[in-house]
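Structure assessment
The chain contents come next:
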Amino acid sequence: SLQVLQPCFSLGAMSMVASRSSARAPEKGVFPLDHFAECKQLADAYLKCLNQNDGEAVPCKQLSKLYLVCRMEKNLMLKQDLAELGLDGILPAQPEKAS
């Protein structure tokens, strides 16, 4: 025999929908993706540094600074004072060549 399936809404599903609708945008807003890989080498070097340091960001601050400066220079993010990002006293380092 043919059975008709009725939609079933549980309280859990309803609360999940409600929680999604209350999501807020990121504090810094939306910024463009690096579609042309203009800063990819720096991003790769930073991620490699994080992996080599068990996810600890402090040893990778120089690379973080270089990456953010690249994004600002390529208009992939708004220009912002590096002091506001906690990177004002970080001397730039040469990133490792991506292999």
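Summary of the structure given here. (Residues numbered from 1 in each chain as written. Predicted model: local features only at pLDDT ≥ 70, side-chain atom pairs only at ≥ 80, totals over all residues. Heavy atoms only, no water.)

1. Here's the deal with the pattern of salt bridges
Close approach of charged atoms allows side chains with opposite charge to pair. The following threshold applies: The salt bridge criterion pairs a side-chain nitrogen of Lys or Arg with a carboxyl oxygen of Asp or Glu, the two atoms within 4 Å. Only DSSP runs of H or I covering at least 4 residues are called helices, and only runs of E covering at least 2 are called strands; the numbering of each starts at the N terminus. Only protein chains enter the accessibility calculation, which uses a 1.4 Å probe. A residue is then buried if its area is under 20% of the maximum for its type, exposed if over 50%, and partly exposed in between.
This model, assessed by the stated rule, comprises one salt bridge. Here K40 and D44 are joined by a salt bridge, their closest N and O atoms 3.0 Å apart. Taken together, the residues K40 and D44, both in helix α2 (residues 40–52) and four residues apart, mark about one turn of the helix. On the basis of relative accessibility, which here comes to 43%, the residue K40 falls in the partly exposed class.

2. Examining the state of the cysteines
Let me state the cut-off plainly: Working definition: a disulfide is two cysteine sulfur atoms within 2.5 Å of each other.
Using the criterion set out here, one finds two disulfides in the structure. Here C39 pairs with C70 through a disulfide, and the sulfurs are 2.0 Å apart. Where C39 bonds to C70 through sulfur, the torsion about that S-S bond is close to -90°, and the disulfide is left-handed. Placement of C39 in the loop between α1 (11–21) and α2 and of C70 in helix α3 (residues 61–73) is noted, with a sequence separation of 31 residues between them. For the pair C39 and C70, a shared accessibility class is recorded, and that class is buried. Here the protein pairs its bonded cysteines, counted in sequence order, in the arrangement 1-4, 2-3.

3. Focus on α2
Inclusion rule: The length a helix should cover is 1.5 Å for every residue beyond the first. This arc is built from the directions going out from the helix axis to the C-beta atoms. Whether two residues are in contact is decided by their heavy atoms, any of which lying within 4.5 Å being enough.
Between its first and last C-alpha, α2 extends 18 Å over 13 residues, near the 18 Å set by a 1.5 Å rise per residue. Of the positions making up α2, those classed as buried are L42, A43, A45, C49 and L50. Looking down the long axis of α2, one finds its buried residues gathered within 160° of arc, a one-sided arrangement. Turned more than 90 degrees away from the buried face of α2, the exposed residues are N51 and Q52. Against α3 lie the buried residues of α2. Immediately downstream of α2, the backbone of D54 shows phi near 50°, a positive value.

4. Section: the environment of G86
You can see G86 is positioned in the segment after α3. Judged by relative accessible area, G86 falls into the partly exposed class, the value being 36%. The sequence separation of G86 and K65 amounts to 21 residues, and the corresponding C-alpha distance is 9.3 Å.

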